[in-house]
Structure formats: C-alpha cells, structure tokens
Amino acid sequence: MTASQPTPTSPSPAASLLADVHVLDLTAGSAQLAGRLVAELGADVLLLVAGEQAADAGELVAARSGEPVDIGVLRALALNSGKLRAYLDPAAPGAGKRLAGLVPGFDAVIVDDASPWLDLLDPARVAQAGTPVIVAHGFADTGPYAAYRSPDIVTMALGGLLFISGSADRAPCAPPEPIGEYFAAIWASLALASAVWAARTTGTAAVYRISTQEAIATHEHLIRAAAMDGEPIVRNGSQHKSVAPANVFPTKDGWVYIYVSRNHWEPFLRSWDPHPPVYDDARWLPNSVRRADAVALNAAVAGWTQTFTSRDLVTRLQGDGVPCLTVNRPSDFLADDQVVARKLFETVDDPTLGSYAQIRFPAVIDGARPAATLPLRTVELAERELGQVRS
Amino acid sequence: VILDGIRILTFTTGIAGPNAGRILASLGAEVIKIESVAGGIDAFRYFGAGNDLNSSARFAEANLGVRSVTINLKDPAGLAVARDLAATCDVVVENYRPGVLGRLGLGDDVLQAGRPDIIVVKMPGLGSSGPMKGYGTWGALLNAYTGLTYLWNHPDATVPVGNQGVFPDYLTSVLAPMVVVSALLRRRSTGAGAIIDLAQSEATAFCALPVSMLEVGLTGEDPPRVGNRSRGPELQGVYRCLGDERWCAIRIESQAQLDALRGIVGPALDVDDMRGLDVARANHDAFDAIVSVWTADRDAAAVMTELQEHGVPAGLVASGDDLLADPQLDRLGFIRHLDQPGVGPMVVPGLPLTIEPPILSEPAPAALLGADTDDVLRTILSLGEDEIATLRDNGALR
C-alpha cells in the first residue's frame, strides 16, 4: 500500500452487512456504482484498472479553488469510493494469466461491456470453476443490438424513458447523470449479493447478465400501458400522467412540487383558501376529471402558490395532509433540515482533497449509518495476489 | 431458485414496496402481502379499476408472484395472527409512513420479540427519523426534493421541467432487495437480524445523482444544467427525424466516430470547424444544426441502424409502442404475456436479469385479494378450519 494514500473509513461494524464478502471489480463504465454500493456495506472491493484509465483525486484539487471540474475524474471518484484499486495493463504479457490467478480469491466478479477485461474473461468458464460472474451490458450479449454502442443516452432512448423526459414542446431531454446505467448498476449490486448467497447456500456459481435497456424499459408501465391502455405515455414535463394537480408550481422564492390524488383533494381544497368555488363541486373528486382539466386547474393553483414562500407552502400543505416538497438544487438538498438531521452527509478528511461533505449509504442499519467512504486507495496488485491487503 | 426457503412478509403500497416484493418473489422467496379492506389496501388497486380491487393492471404489474392475505390489524385477533405469521418469516418489508406499523402493534420490538433474528426493511419517503419523517411523499416529489427535477432540464429553461416518472420508486424497489439479501448474508454469518431504514429520498440522491452530490460536497457549487449536452468531451444530442415525435439520440465519443459520421452525413460536416472532436465540440450549436438537417427527412430507426453499423452510438427515442415492437427486447422473451385473474391478458416487462444456469422464477400472476389467506393460515400457522372460520366471522380476516 502507498503510504501517502488515505485509509478508507471503515463502516461501523453494525452496518457492515457484507464484511466477509470479497468482490473483484473489472468494470469501466457506470456499472462501477454496483461495486460502490456493496463496498458501502462493508464488502472488500478490488477495482482492477488499466493504467491509462486511472483517475486521481489530485486532479480535483483545482476544482476546490473554482477551476472547472474534470467530469471524468469526478465520475470515477464518485462511483468508486470505498474501493481498493490496483493497476494492470490488459495488454501486458501474462495479464490474462494474472487475472485468472486473482479470481479464485474472490466471492464474485463483476465486469461490464466497457471493460478492457471482458475480452480476457470467459464468464461461463469462471463460473464453472466456482466463482459467480456478473456482466452488465448496454443491451445484452445476444440479439440484434448486441454489438451496438450503448452510452446512456442511447439506452435511455431505446429503453423508453427519454421519450417521456422533458417538456412537450421541446426535444426529449436527457437526465443530468447516466441514470439508466446507474439503475442497471443497482440491479448488478442485487445480482452480486444474490450470487454470493446462491454460492454459499447451494454451491451454485452462475453467470448473471443485466441489460441496461431492459432495466430502463421496466419503468413507468411503459410496456404495459402501450399494450393495454390504447396509447403510449407521452412527454409532459413533470405533470403526472393521471393525477392533477401534480406538477411543479411557482412560489415567491422558487418552486414546489404538489401531488393531489383523490384522497388529498378535499384536504387540499381546505388548504387552498380562497379557491375558486367551482372546485367545491363533487365532480372534481376523481383523478381522471381533474387530470383532464389540468391546464386550467394548474393555472388556478399557481396563482395561489405564488403568494407563499416554498418553505411556508410546504409546511402548510404537509400540515394539512397534502404531499408537497421544495424543488431543490443539490446544494439545497445538502443543507435541508431533514437531510442534516439524518446525517446523510459526513465531513471527511482526505489527505489530497482536504475536508469535504461526502454522501453516505442511504440506509440506517440497526441505528447506525455506514460511515462515509473516501476515494480509491491504491494497492500493489502483487500484495493482493499474495492475499496481504483487505480494505 | 436463489431465495428458496426464505419467507418475506410485506406491508406495501404504490410501486417501491410492491415492486421490491415482486423482485424478491422472482428470486425465489415466498412473499406474502398483507392488506385489509378495514384499512390498508394498496392504493394502486384503485388505479384504473373503479371499486373492483382485483381489476387494476397497474397493481398487478407491481405484485406479480406475490401471495395475498387479508388480515384486519385493527382487530386484536387479526393482529395476533399477523404477529404469529411474522414470527415465521425471515424478512418484513414495508413502505407505509413511519410509525404506522408500530401504532398498529407491529413495531420493531414486537417483530423482534417474535423472531429475534428477523430482518426488517422499511422504505419511507424521507426516512423514519428527522423533522420531516411524517411528510407525505410520492416519487415525483422526491425527484424535486433531491435536485433531480432542477438538474433534468435544458440549460435555457425558465421552469424546472424534469420527468414525469417516479425514478425514486423504481430504484429503491431494486435497492431494497439488495439490502435484504445482504442482511441475509450477514445473518448467515453471525446469526444477527437487522432493522433497516432505507429512505427513498436518500437512495435517490445516492443512486441517481452520485456525481452531483460529490461535486456539491467538494466544491459547494451546483452542477450546471446541460440538457442533452455532455459535460465531457463528447458531442451529444437528440435530433428530430421524419414523422411526428420521431427522434434519434446520437453521441460522438471519439475522433473515429466523428470521422464515421462525417462519412455518412457528407459535405455539410466536412468543413474545418467540424473535422476535429475538440473544434466540433466548441461549435456544438453548428454541429447540431448540421446533424438536424440530415436527420430531418430520415426515419429514426434507419438513422440508428446506419450509424450503429458504422460504429456511431445512436438510438431511436422509443415510445411505448416502439418498445413493444423492439426486436432486442423481444429477445429471450423479456416482454411477457400472462393471464391475470381479474384483469385478463396482460403484457408486462420481465426482469432485466438473466442467469445461466436459470435460477429465476417465472413471473406468476398477482394473487386476487385475500386468495391465499386460508392456505397461509392453514399451512404456515397450522390453524384448523374452525379457527379460520371463527376469525373470518369475527372480522379479523377482512
């Protein structure tokens, strides 16, 4: 281990659900989030990277002084926090043999189709030898798109979510981060835990394959609605497809999201004071009636919401039993009373980056949240091959 | 199957909790969902179904393979049955508002008294503690609360637009089973159960915005809204094609891909300020205009196919109808056809996970409300027919 590298904060023992699990992470794309998720729960995750892929925390130091952020480095550090990292050139002589020698020391291997290691790894053979393998694909390993290039905007498009993203009068709008790939990565983390469970309980070492396109296509009843409701869901901003008012509304100092389903309508009318008397008619109770007249209803509601600050409106409506939350920027979320009270973020000290707020695993386990992890810690592969390093 | 022998009791509504149950059932667990017409019906049973609690296709889609038991938890005898049943279960999953199960008499202490190594996974919107724990939340509100709605927008937009979907529900519905299996692994090693508070808002921030959260935590600055542009060195856009609402997403990640695109688009891209990736990136508006002219009178699927065949990442922006006709999704039967009691023929997506050797359960229809009550009480709790009849007559099983 390199002396100057930080030591990751160990998750609190109570929260370490995967303390005896060891994962070899060969991913190079956004499936790297899967390894971070299990690392947050205490798993020992070794990320094997080619030298030219390596991102270093030092490259972000300037960003703390207002310089432009290197998004590639930022992404690599965000998705790999809590892991160990070792370097190996896949093109180096004997790289495949070294990889094969490493695998039996792990409970599972994860790889994606962006990885340079996929060509050196035969998942079926590795599984046959007793180590389960998780493979994250943009599409799949077979089928007409198997050879297609699959960055997130492409799988979001072919998975159906891009079609319903953004406002109706503009082009479909891509999400701010590759959430389709992240969603597939969560599936990969489930596959990792399941693979270890199956191996330990039944001795079954299998190959688990996740398709990002398929993962995205499970959302929003897209397939069922198209097949059974007579018309596909269309793009309409944040307006809920079957409920109104359920949208973003302006306030004095920003925006809130209000959701008024059938059960909330009468409490909402009491809170919406004064409201146009026409809405007191019982015919407005069904969601479908209000949704059909959403344009006029939303305009009337917006006229009222603009008389409040976001905080006052959230407090008022939630107090009356009506779901309402502020449209936050990430910085607002970080400083939100609820987020602060639950200690979702922890200030960590990194020898390279200094002190900063790091997000922690999104669950409290037996009263304790897993401690925040720090960026990748580099280890010598030779040490790991000798079994000397555990995170 | 993977979770063979694992029994899971659920108290769930909407998408996040029910879909977690569906996934766990597909992994082989016996998942038993508790509801009651006396208070505690999954809200999705009313979606598009009028007053017939068994005719909602939306409910069925999120509860495939899950057994249904009706127990009135407000009835002392019903509560006792639920406690006895929980004591036979490995896991309890719930996504009611914080404190509801406790007030009904099924709090953590009660569940642990019945089975000390039980694993309880709660999936509240904002968490089970904190000043806003009791707030009502739905997926779209959590998009807004975490920053996703603000960031998911074109840079020049004056209103936070976002997406009408409930990404928080879906991602938490997968993360919860991952946490369940992780807790089972620890229990296998240590014998310890777990009480897990998995907040959907926190899961969304962690799993949908990991880079943004690191950026703001590190720099104090919010990420910019970039719409369809990449924040990296790539060229990227969504371009209108021939027909109504037909679009194709295209991304250029390398000089070779830009060269390939230029070979396809022709002279309009064969100009000095479009030949190099960096210079084209610096002239992104002009790049978009050229590509838009080229795609405008072409079929979106044809654009995708031609570009992909030349190594250029591209995908038609698929509507629901496109998904139904997609040859890749039809591969290995991802799009499933089943006969759902109360609904009729249904078309639903399968799981995005394949396993070789196959150790997943095929999706079974969702159970009719209360269809498994007698069988569960008879076979799991060993109650006799007379005892079950008495409970039913007294209103404990409705």
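Before any of the text, the structure's been laid out above.
Okay, so let's go over this structure. All of these numbers come straight from a predicted model, not from anything done at the bench.

Each value, and the rule that gives it
Residues numbered from 1 in each chain as written. Chains lettered and ligands numbered in written order. Predicted model: local features only at pLDDT ≥ 70, side-chain atom pairs only at ≥ 80, totals over all residues. Heavy atoms only, no water. Helix = DSSP H or I, 4+ residues; strand = E, 2+ residues; numbered from the N terminus. Buried < 20%, exposed > 50% of the residue type's maximum accessible area, 1.4 Å probe, protein only. Contact = heavy atoms within 4.5 Å. Areas by Shrake-Rupley, 256 points an atom, 1.4 Å probe, with all protein chains shown as cover. Lys, Arg positive; Asp, Glu negative; His and termini not counted. Charge placed at Lys NZ, Arg CZ, Asp CG, Glu CD. Pairing = 2+ DSSP bridges. Axes fitted to C-alpha atoms, helices over the stretch in contact; angles between N-to-C directions. Buried area = accessible area lost by both parts, 1.4 Å probe. Salt bridge = Lys/Arg side-chain N within 4 Å of Asp/Glu carboxyl O. Polar contact = N/O pair within 3.5 Å; in protein donor to acceptor, adjacent residues only side chain to side chain. Nonpolar A, V, L, I, M, F, W, Y, C, P; charged D, E, K, R; others polar. Phe/Tyr/Trp six-rings, centres within 6.5 Å; stacked < 30°, edge-to-face > 60°. Lys NZ or Arg CZ within 6 Å of the ring centre and 35° of its normal. Core = buried A, V, L, I, M, F, W, Y, C linked by side-chain atoms within 4.5 Å. Right-handed = clockwise from strand over helix to strand, strands pointing away.

Of regular secondary structure, chain B possesses 18 helices and 12 strands. Expressed as lengths along the three principal axes of its C-alpha atoms, the size of chain B is roughly 85 × 50 × 45 Å. Looking at chain B as a whole, 63% of its 398 residues qualify as buried. By sequence separation, contacts in chain B at least 24 residues apart represent 68% of the contacts at least 6 residues apart. Within the structure as shown, chain B displays about 13300 Å² of accessible surface, and the carbon and sulfur contribution to it stands at 51%. Computed over 31 positive and 49 negative side-chain charges, the separation of the two mean positions in chain B equals 5 Å.

So, about the sheet that holds strand E7 (residues 235-240) of chain B. Pairing is antiparallel in the open sheet, where 3 strands are placed in the order E7-E8-E9 (chain B). Two strands lie at the open edges of the sheet, namely E7 and strand E9 (314-316) of chain B, each paired on one side alone. Averaged over all pairs of adjacent strands, the angle between strand axes in this sheet comes to 15°, irrespective of strand direction. Examined bridge by bridge, strand E8 (residues 247-252) of chain B and E9(B) share 3 bridges and lie antiparallel to one another. Note that in E9(B) the partner of Ile250(B) across the bridge is Ala314(B). Where helix H5 (residues 152-159) of chain A meets the sheet, its contacts fall on E7, E8 and E9 of chain B, and the angle it forms with E9(B) comes to roughly 20°.

Right, let's talk about the interface of chain A and chain B for a bit. Tallying the contact residues gives 143 residues for chain A and 142 residues for chain B. Both faces combined, the contact of chain A with chain B buries some 12500 Å², and carbon together with sulfur accounts for 67% of it. Linking chain A with chain B are 7 salt bridges, by the criterion used here. Our count for the chain A to chain B interface comes out at 50 residue pairs in polar contact (both at pLDDT 80 or more). Considering every element that reaches the side of chain A that touches chain B, the biggest residue donor is helix H6 (residues 179-202) of chain A, with 15 residues. Its residues assigned to classes, the side of chain A that touches chain B shows 90 nonpolar, 30 polar and 23 charged. The sheet contact formed by strand E12 (residues 363-365) of chain A and strand E6 (residues 194-198) of chain B spans 3 bridges and is antiparallel. By the bridge assignment, Ile365(A) is partnered in E6(B) with Ile196(B).

According to the stated counting rule, one finds 41 salt bridges over all chains in the structure shown. Close ionic contact of Asp107(A) with Arg200(A) constitutes a salt bridge, the shortest N to O distance being 3.3 Å. Of the two residues, Asp107(A) sits in the loop between helix H3 (95-102) and strand E4 (108-112) while Arg200(A) sits in helix H6, which places them 93 residues apart along the sequence. A salt bridge links Arg186(B) to Asp366(A); the shortest N-O distance between them is 2.8 Å. You can see Arg186(B) sitting in helix H8 (residues 167-190) and its partner Asp366(A) sitting in the loop between E12 and strand E13 (377-378), one on each of two chains. Overall, Arg186(B) belongs to the buried group, its relative accessible area being 9%. One salt-bridge network, in which partners are shared between bridges, spans Arg7(B), Glu30(B), Arg67(B), Asp372(B), Asp375(B), Arg378(B) and Glu385(B).

This part takes up the sheet that holds strand E7 (residues 246-250) of chain A. One key point about sheets: their strands pair by backbone hydrogen bonds, in either a parallel or an antiparallel sense. All names here are of chain A. Pairing is antiparallel across the open sheet formed by 3 strands, whose spatial order is E7-E8-E9. Because the sheet does not close on itself, it has two edges, and the strands there are E7 and strand E9 (324-326). Strand after strand, the sheet turns through a mean of 25° between neighbouring axes, direction not considered. With 3 bridges connecting them, strand E8 (residues 255-259) and E9 associate as antiparallel partners. Note that in E9 the partner of Ile258 across the bridge is Cys324. The strands touched by helix H12 (residues 310-319) within the sheet are E8 and E9, with E9 carrying the most contacts at an inclination of about 160°.

Tallying each qualifying case throughout the model produces 17 aromatic pairs over all chains. Residues Phe268(A) and Trp272(A) carry aromatic rings whose centres are separated by 5.4 Å and whose planes lie at 40° to one another, so their mutual orientation is tilted. As far as burial versus exposure is concerned, Phe268(A) and Trp272(A) are alike and both buried. Aromatic pair Trp272(A) and Tyr279(A): ring centres 5.4 Å apart, planes at 35°, arrangement tilted. The pair formed by Trp272(A) and Tyr279(A) is uniform in burial state, with each residue classed as buried. Site record: aromatic cluster; members linked through ring pairs are Trp265(A), Phe268(A), Trp272(A), Tyr279(A), Trp284(A), Trp304(A) and Phe308(A). In this structure, Arg45(B) packs its charged tip against the face of Phe59(B), placed 3.9 Å from the ring centre. One Lys or Arg, Arg58(B), reaches over the ring of Phe47(B) and ends 4.2 Å from the middle of that ring.

Before going further, it helps to spend a moment on the environment of Gly130(B). With respect to the helices and strands, the residue Gly130(B) is situated in the loop between strand E5 (119-122) and helix H6 (139-146). According to the relative accessible area criterion, Gly130(B) is partly exposed, its value standing at 27%. Once the C-alpha coordinates of Gly130(B) and Thr149(B) are considered, the two residues, 19 residues apart in sequence, prove to be 23 Å apart. Ignoring sequence-local partners within four residues, the contact set of Gly130(B) consists of Gln338(A) and Ala341(A).

The biggest cluster of nonpolar side chains holds 187 residues, and the ones touching the most others in it are Ile134(A), Trp187(A), Tyr208(A), Leu3(B), Ile250(B) and Phe287(B). The leading source of residues in this core is H6(A), at 16 residues. If we ignore the near neighbours within four places in the chain, the residues touching Ile250(B) are Leu235(B), Gln236(B), Gly237(B), Tyr239(B), Val291(B), Thr295(B), Val303(B), Leu307(B), Val312(B), Pro313(B) and Ala314(B). One finds Val69(B), Val120(B), Leu377(B) and Ala396(B) within the second-largest nonpolar core, a separate group that totals 30 residues.

Let us look at the pairing of E4(A). Residue and element names in this part refer to chain A. Of all the 5 residues making up E4, 5 are buried; the element is thus mostly covered by neighbouring parts of the structure. Here E4 shows two buried faces, one formed by Ala108, Ile110 and Asp112 and the other by Val109 and Val111. In terms of strand pairing, E4 meets strand E5 (residues 133-137) through 4 bridges, oriented parallel. If you follow Ile110 over to E5, its bridge partner there is Ile134. Assessed by its sense of winding, the connection that carries the chain from E4 through helix H4 (residues 123-128) to E5 is right-handed.

Before going further, it helps to spend a moment on the environment of Leu316(B). Here Leu316(B) is to be found in strand E9. Put simply, Leu316(B) and Thr305(B) are 11 residues apart on the chain and 9.1 Å apart in space, counted from C-alpha to C-alpha. If sequence neighbours within four positions are ignored, Leu316(B) has contacts with Ala157(A), Leu158(A), Arg246(B), Trp247(B), Cys248(B), Ala300(B), Ala301(B), Met304(B) and Asp322(B).

On to unusual backbone geometry. Glycine aside, negative phi is the norm for most residues, and most peptide bonds take the trans geometry. Look at the link from Ala244(A) to Pro245(A): it is a cis peptide, with omega at -10°. As for its position among the elements, Pro245(A) is in the loop between helix H8 (222-228) and E7. That bond from Asp273(A) to Pro274(A) is cis: its omega, 0°, falls within 30 degrees of zero. With respect to the element layout, Pro274(A) can be found in the loop between helix H9 (262-271) and helix H10 (287-292). Look at Glu220(A): it is not a glycine, yet its phi comes out positive at around 60°. Mapped onto the elements of the fold, Glu220(A) is located in the loop between helix H7 (212-217) and H8. A positive phi angle, close to 55°, is found at Glu245(B), a residue other than glycine.

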